[in-house]
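Read off the chains here:
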Amino acid sequence: MKKRIEALLANALERATAAGELHTTVVPPGCVEIPKERAHGDLAATLALGIARAERKPPRAIAETILRHLDDPHGVIAGTEIAGPGFINFKLAPRFWHEALAGLLADPTLGIDPAGRGKRAQVEFVSANPTGPLTVGHGRNAVLGDTLARLLEAVSYDVEREYYFNNAGRQMKVLGASVRARYQEIVGRPVDFPEDGYQGAYIRDVAQSLVDSRGDAIPDDDEKTFRAAAESAIFADIRATQDRLAITFDVYFNEDSLYESGAIEAVLRDLEAKGLSEKKEGAVWLCGEKVGLDKDRVLVKSSGEPAYRLPDIAYHQNKLGRRFDLIVDVLGADHIAEHQEVAAALRGLGFDTSSIRPVIYQFVTLTRHGEQVKMSTRRAEYVTLDELLDEVGSDAARFFFLSRKSDSHLEFDLELAKKRSTDNPVYYVQYAHARIMSLYAQAATQGIALPGAVTADDLGALELAEEFELVQQLVSYGEVVGVAARELEPHRVVFYLQELAAALHRFYNHHRVLGDESRERVAARLALLEAVRRVLVSGLGLLGVAAPERM
RNA sequence: GCGCCCGUAGCUCAGUUGGAUAGAGCGGCAGACUUCGAAUCUGUAGGUCGGGUGUUCGAUUCACCCCGGGCGCGCCA
């Protein structure tokens, strides 16, 4: 829609320049916008304002020159005016909207620009270590990552979803020891519960299943068995939770493989060779100042074990080596510093890290009846993602997790998410779809066929402002998805869908579709609703939320 | 103390690479169903965009300085 007007403006500018009246040759991108104020027309251009400085002329005079050269061969512009400091306002003709809607209905991509065609993207998310069930915080990560992957696919990237997990560090040792302690407890042997061991009931479940299958045959020093049992049981649990959210991964990448391949040794060697690491106090340090960090960071502890950031550097080096055009890391706010360290180290090693884009999300708080639900990781009092899904379901969970900019703290209202009413935004949007489906069913009982392929001429009966407003929103869909994918901001799709649903409900309440005496109008309105329906299905699909036919 | 993020209506939050009189939902108030699903819609009240300087035709948006909140600043991950 905007592009069409931009093209007309570019033409006018060209003619004005050719006539020697102006000097600018390029229309600045994004200079056509939808005005906030409806009275300002359907579209407004800031072109004259934008080039005023370079032209050294008053914006309004430039606007006049441009309008004088504006040619509209298809008659899609109903009127223009120069307003304010130099805006050019356009009133669009019905024909414009008819062509726009027909174009959308003929376009299987719904106007989404394939910005990622021929490019490969990787989204790494969740990446929780298998030491316990996923929490609500992991839920935001999981849904965010999966939706980013869907968005990138929508703009034609070839996308890989990857889960990185740490199964080599101290945490896994503690996990194994925690299971052993519970095992010892159950079989009646002396118990040595590890310091800061895992307290959750799921540890006991793992121990119990070992007792069920092996009795008391596992010796205390068989750490491997306890650890492996814990890892596989908890991982199965995590995957089951992900299944409930329709989240899958292409690659599960484990930290162990970086040791086996020698990648970690290689990073250490390279850093040392470049003089970016040094030994002191019995440990190996990354020289902070040399890579742009405020202080030195430990790479290898004096115990000889790598600190977490060393395998992380190796992992990201591995990712870069896989030649993705875009690498997205979905991270909680508490990991931002680590991410910067990794990126700094990689740059020090000579890697171009510009393809890596972190998406940082702030923490989630749960509220119920306006009261905050207390969560404490330390005392294992956190709410698990499974519990949240038990209570509100996948659709509401996904929709709510995505309904805020990831940079903002997310207040998750449990009661609102459960409500089956107008207040609940996910029901509001889903209801818009169900309503259209219901209307189709009604049409069928009246023997009214849904229109097939339509042309702009078939849509001539659309003439109401509310109809054109709906078309305008529909043709904006592709741009919304494009920006959401480019900026890695799924919440834009959520807000868009709420607005589209509102426009649909408004239209539906004011105008009868099937009852109209004009057959042409019935057909045109059904075509309009079909476009709304397709966009709703597409948008909800991007969010991983169902578009139900009945509710 | 240093770094990153946030501060917009009573509440929860949008604001599209700087645009016109700053928006939505909820809550408040007042209305609309013998008709395609009222799980909806209509109207209305509500703001020093945390504060202040600067950049310019123009700032919620950009820069700097304060104030307030979150998260980091570990040989934990």
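Residues numbered from 1 in each chain as written. Chains lettered and ligands numbered in written order. Predicted model: local features only at pLDDT ≥ 70, side-chain atom pairs only at ≥ 80, totals over all residues. Heavy atoms only, no water.

> Whenever I open this one, the overall build of chain A confuses me. Can you help?
Each helix and strand in chain A was counted, giving 20 helices and 15 strands. Dimensions along the principal axes, computed over C-alpha positions, put chain A at roughly 90 × 65 × 40 Å. Here chain A holds 551 residues, and the buried ones make up 52% of them. A fraction of 71% describes how many contacts in chain A between residues 6 or more apart in sequence connect residues 24 or more apart. (Helix = DSSP H or I, 4+ residues; strand = E, 2+ residues; numbered from the N terminus. Buried < 20%, exposed > 50% of the residue type's maximum accessible area, 1.4 Å probe, protein only. Contact = heavy atoms within 4.5 Å.)

> Please explain the protein's contact with RNA strand B as it appears in this structure.
The local shell around RNA strand B holds 64 residues, among which Asn166, Thr422, Tyr428, Tyr431 and Asn509 are the closest. Here a base nitrogen of RNA strand B sits 2.6 Å away from a polar atom, N or O, in the side chain of Asn89. Contacts to RNA strand B include Asn129, whose side-chain N or O atom sits 2.9 Å from a sugar or linking oxygen. Here the residues of the surface near RNA strand B are counted per class, giving 24 nonpolar, 19 polar and 21 charged. (Near = heavy atom within 4 Å. Polar contact = N/O pair within 3.5 Å; in protein donor to acceptor, adjacent residues only side chain to side chain. Nonpolar A, V, L, I, M, F, W, Y, C, P; charged D, E, K, R; others polar.)

> What is the right way to read empty space enclosed by the protein from this model?
A probe as big as a water molecule, rolled over the atoms, marks out the empty space that is left. Taken as a whole and assessed by the stated rule, the structure comprises 2 cavities of 30 Å³ or more. Taken as a whole, the largest cavity encloses approximately 40 Å³ of empty space. Lining the largest cavity, in full, are Glu466, Glu469, Leu470, Ala503, Arg506 and Phe507. At the level of elements, helix H17 (465-475) and helix H19 (491-510) are the ones that each hand at least two residues to the lining of the largest cavity. (1 Å grid on protein atoms, 1.4 Å probe; cavity = no way out; pocket = protein on both sides within 12 Å on 5 of 7 lines; lining within 4 Å. Points joined across faces, edges and corners; volume = space filled by probe spheres on them.)

> Just checking my understanding: could you explain the environment of Glu520 for this structure?
As for its placement among the helices and strands, Glu520 is situated in helix H20 (residues 519-543). When the C-alpha positions of Glu520 and Leu462 are compared, they lie 9.1 Å apart, and in sequence the two are 58 residues distant.

> So what exactly am I meant to see when it comes to the layout of surface pockets here?
Approximately 1,400 Å³ is the volume found for the second largest pocket. The wall of the second largest pocket is formed by 42 residues, among which Val475, Ser476, Gly478, Glu479 and Val480 lie closest to the centre. Among the elements of the structure, helix H1 (2-18), helix H4 (94-105), H17, helix H18 (477-487) and H19 are those that each provide at least two residues to the lining of the second largest pocket. A total of 7 residues in the lining of the second largest pocket trace back to one element, the largest contributor, which is H18. Summarising the domain contributions, the lining of the second largest pocket has at least three residues from each of domain 1 (2-92) and domain 3 (425-543). (Domains from an automatic or database assignment.)

> Teacher, can you tell me more about the pattern of salt bridges here?
Where charged atoms from two side chains of opposite charge approach closely, those side chains can pair. All chains considered together, the criterion is met by 40 salt bridges. Between Arg161 and Asp146 there is a salt bridge; the shortest N-O distance is 3.2 Å. Here the residue Arg161 occupies a position in strand E6 (residues 158-165), and Asp146 occupies one in helix H5 (residues 136-154), the gap between them amounting to 15 residues. On the accessibility criterion, Arg161 (9% relative accessible area) is buried. Looking at Asp146, the relative accessible area reads 1%, which means it is buried. Through salt bridges that share partners, Asp146, Arg150, Glu153, Arg161 and Arg398 make up one connected network. (Salt bridge = Lys/Arg side-chain N within 4 Å of Asp/Glu carboxyl O.)

> Help me understand the pairing of strand E12 (residues 356-361) in this model?
Sheet faces and side chains relate simply in a regular strand, where the side chains alternate between the two faces. Taken together, the 6 bridges between strand E11 (residues 326-332) and E12 define a ladder with parallel strand orientation. Counted as the bridge partner of Val330 is Val359 from E12. For the handedness criterion, the β-α-β arrangement of E11, helix H13 (residues 336-348) and E12 is classed as right-handed. (Pairing = 2+ DSSP bridges. Right-handed = clockwise from strand over helix to strand, strands pointing away.)

> What is the right way to read the nonpolar core from this model?
Looking at soluble globular proteins, one finds that nonpolar side chains tend to be buried together. Ranked by size, the top nonpolar core spans 150 residues in total, and within it Ile5, Phe90, Leu388, Phe401 and Phe412 carry the most contacts. Ranked by the residues each element gives to this core, the list is headed by H20, at 13 residues. With sequence-adjacent residues up to four places away left out, Phe90 is seen in contact with Ile5, Leu9, Gly41, Asp42, Leu43, Ala45, Leu70, Ile77, Gly79 and Thr80. Within the second largest apolar cluster, 27 residues are counted, among which are Leu258, Leu276, Leu293 and Ala344. (Core = buried A, V, L, I, M, F, W, Y, C linked by side-chain atoms within 4.5 Å.)

> What's the story with the packing of aromatic side chains in this structure? I'm lost.
To describe a pair of aromatic rings, one takes the distance between the centres and the angle between the planes. All chains considered together, the criterion is met by 17 aromatic pairs. Plain terms: the ring middles of Phe125 and Phe249 are 4.5 Å apart, the flat faces sit at 35° to each other, and that makes the pair tilted. Residue Phe125 is located in the loop between strand E5 (120-124) and H5, and its partner Phe249 is located in the loop between helix H8 (223-244) and strand E7 (251-254); the two are separated by 124 residues in the primary sequence. A residue is classified by how much of its surface remains accessible, and Phe249, at 11% relative accessible area, is buried. A centroid spacing of 5.2 Å and a plane angle of 35° characterise the contact between Phe400 and Phe412, whose relative ring orientation is tilted. Highlighted residues: Phe400 in helix H14 (residues 385-401) and Phe412 in strand E15 (residues 410-413), separated in sequence by 12 residues. We note that Phe400, like Phe412, is buried. Grouping aromatic residues by their ring pairs yields a cluster made of Phe125, Tyr163, Phe165, Phe235, Phe249 and Tyr252. When the ring centre of Trp285 is taken as reference, the NZ or CZ atom of Lys280 above it lies at 4.7 Å. (Phe/Tyr/Trp six-rings, centres within 6.5 Å; stacked < 30°, edge-to-face > 60°. Lys NZ or Arg CZ within 6 Å of the ring centre and 35° of its normal.)

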